[in-house]
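Understanding the architecture of this molecule
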Amino acid sequence: MNHIHSSTKEYDAIIVGAGFSGLYQLICLRDQLGLKCVVLETGDDVGGTWYWNRYPGARCDTESHAYSYYFSDELLKEWTWSERYPGHEEIREYMNFVASKFDLKKDILFKQKVTSAKFIEDSNNWNVKTDNNNFKCKFLITAVGCLSNTNIPKIKGLENFEGSYYHTGNWPKNGVSFVNKTVGQIGTGSTGIQAVPVIAAEAKHLTVFQRTANYSIPARNKPLTEEFKKQVKENFQNYKDLIKRTPNAHPFEISDRLVSDVNSEEMNQIYEKAWEKGGLQFRAAFNDLVTNFEANKTASDFIKNKINETVLNKKFASILSDIDHPYAGKRPPIDSNYFETYNRDNVNLIDLRRDPIKCINKNGIETEKNNFDLDIIVFATGYDAMTGPLLNMNILGKNNLKLKNDWKEGPKTFLGLQIPGFPNLFTVTGPGSPSVLTNMPMAIEQHVEWIRDCISFMIKKEYTTIEARSNLAKKWGKEVNRVANKTLLPTVKHSWYLGANIPGKPRVFMPYAGGLPRYSKICDDVKKNNFEDFILA
Ligand code: NAP
């Protein structure tokens, strides 16, 4: 019986995911090119990553006035953020505001998890399946996010745990109460560092299980003043220009000054000022912090001193400041009272390097040396980043080429936008693009608009398919490595940028570290050249 097949729905374009990427891609293809489109979304509302990330303290660490769509002046005028960094609820409100302003929901099908996508060579179409539907389209665009495939590590005995456990990236919609609960949290990345203070304030007791110590800079979040809100609205063109010219698309300039340009007293004053200001901008205090080990050490030492000054329990201070990678070599977290939280009486810290987790039993977590009885375990253990969400969809290209097999040794893409062997498939913020190294909405807008222009060109020139060339994808992979190696990023061997957090994942540096402006210029040149770098047929 094949009644599903008989009800196959046909579209010009299918967009997978209703986050920042998917919503804007729908606007571009439906409203600007007039294509028949649908967005398939697993959740029951818009939001993408922010639909799932509702953990305590979840907040974006890009400043709100930059964490916005910039494609519509009208939208910029109409929406006003309330705090320096937007919280998860407000981001979802924003995305709902965008969805209703552009009437997007009528073309989004919710609760549709894509289970497979197969390119049909006879018709040059993609067949896309969800749990209960079949679709067909000419262009398939993945807008699935880079950090959407949660990773709960395989710890022996988890299935025996009689309490509750949650991954931060798949948080219950109605929240979790920690009142009178004894909680264990595994993970101290950007997420864990945000969650710890909020959970500690509510729970009876919190034990944090830290494997790798991490830097963090105070976020200094606060409500925005009316004056600042007004100033942003009056100057959004200037902000747009600034965001578009800085390498990471953040609303601040990176200093030209090198650490060696100043004496140690000046250096400390600069760091103090940056620490007081707070936020990701700390790493922009000097030009060479992410490229020069010696320069970086001055920032790393400054932060370690701050940790030691803040954390009163000397044992905790030593565990927290025992950081063995350069500052900002991994994604640098920012926080609200993270280190201060270790001064509370109801917080404990376990150094997993000295006392590793042995197993989870029915009562809680068992380390080599201790037993921790817990009501709740919070996994702030990150994601199978960048490639995970794509590989999850069971994508089959030409000649039944499985993406999973094709990427066994790491992702192969041209510009992070297309994959050889997978015609008419576009990957918004795919591996090999600036994506996670930038303020995401800006990287997303650049990709989405490029994809729109590419499809528009194909329609005008009556091309049926576009496909990345193998040789150019190989060359691009080398370029991604080359620019990464100019920074300290690939030196951090346990980083998720390299896939090192997932057992068995190939160790390949995935995002493009050459900056968004340079990357955009490369993409623009390809466009100006009538997409000749691709195989058009
Ligand atoms: P993450 O950076 O990968 O951190 C995961 C944490 O879990 C690390 O401390 C890791 O330790 C630990 N961990 C993983 N497996 C473990 C195991 N088997 N045993 C013990 N510890 C384990 O994940 P994340 O914190 O969710 O952040 C991911 C990314 O999401 C960030 O880098 C950022 O790009 C984004 N993010 C953004 C925001 C924001 O904008 N506000 C907030 C949160 C996250 P090791 O370091 O030893 O592997």
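The coordinates are above.
This text gives an overview of the structure that appears in the document.

Scoring rules and cut-offs
Residues numbered from 1 in each chain as written. Predicted model: local features only at pLDDT ≥ 70, side-chain atom pairs only at ≥ 80, totals over all residues. Heavy atoms only, no water. Patch = residues over 30% accessible without salt bridge, like charges linked within 9 Å, V, L, I, M, F, W, Y side chains within 5 Å. Areas by Shrake-Rupley, 256 points an atom, 1.4 Å probe, with all protein chains shown as cover. Salt bridge = Lys/Arg side-chain N within 4 Å of Asp/Glu carboxyl O. Lys, Arg positive; Asp, Glu negative; His and termini not counted. Charge placed at Lys NZ, Arg CZ, Asp CG, Glu CD. Helix = DSSP H or I, 4+ residues; strand = E, 2+ residues; numbered from the N terminus. Buried < 20%, exposed > 50% of the residue type's maximum accessible area, 1.4 Å probe, protein only. Polar contact = N/O pair within 3.5 Å; in protein donor to acceptor, adjacent residues only side chain to side chain. Contact = heavy atoms within 4.5 Å. Right-handed = clockwise from strand over helix to strand, strands pointing away. Pairing = 2+ DSSP bridges.

1. Focus: a positive patch on the surface
Together, Lys222, Arg257, Lys273 and Lys277 line one region of the surface with positive charge. In this structure, Arg257 sits in the loop between helix H8 (236–245) and helix H9 (264–277).

2. Section: the side chain of Ser64
Relative to the helices and strands, Ser64 resides in the loop between helix H3 (49–52) and helix H4 (73–78). We classify Ser64 as buried; its relative accessible area is 0%. Engagement of the side chain of Ser64 in a polar contact is seen with the backbone oxygen of Glu83, the distance being 2.7 Å. If sequence neighbours within four positions are ignored, Ser64 has contacts with Trp81, Glu83, Arg84, Tyr85, Pro86 and Leu224.

3. Structural notes on the pairing of strand E2 (residues 37–40)
Of the two faces of E2, both are covered, the one formed by Cys37 and Val39 as well as the one formed by Val38 and Leu40. Crossover strand E1 (residues 9–16) to E2 through helix H2 (residues 20–32) is right-handed. Of the strand pairs in this sheet, E2 and strand E3 (residues 108–109) are connected by 2 bridges, and their pairing is parallel. When the sheet's bridge partners are listed, Val39 is paired in E3 with Ile108.

4. Topic: the pattern of salt bridges
What the rule picks out here adds up to 31 salt bridges. As a salt-bridge pair, Lys229 and Glu226 come within 3.2 Å of each other at their nearest N and O atoms. Residue Lys229 and its partner Glu226 are located together in helix H7 (residues 226–234), separated by 3 residues, close to a single helical turn. The exposure class of Glu226 is exposed, given its relative accessible area of 58%. Measuring nitrogen to oxygen at the nearest pair gives 2.7 Å for the salt bridge that ties Asp301 to Lys297. In this pair, Asp301 and Lys297 both sit in helix H10 (residues 293–310), 4 residues apart, roughly one turn of the helix. Each of Arg30, Asp31 and Asp107 takes part in a single network of salt bridges with overlapping partners.

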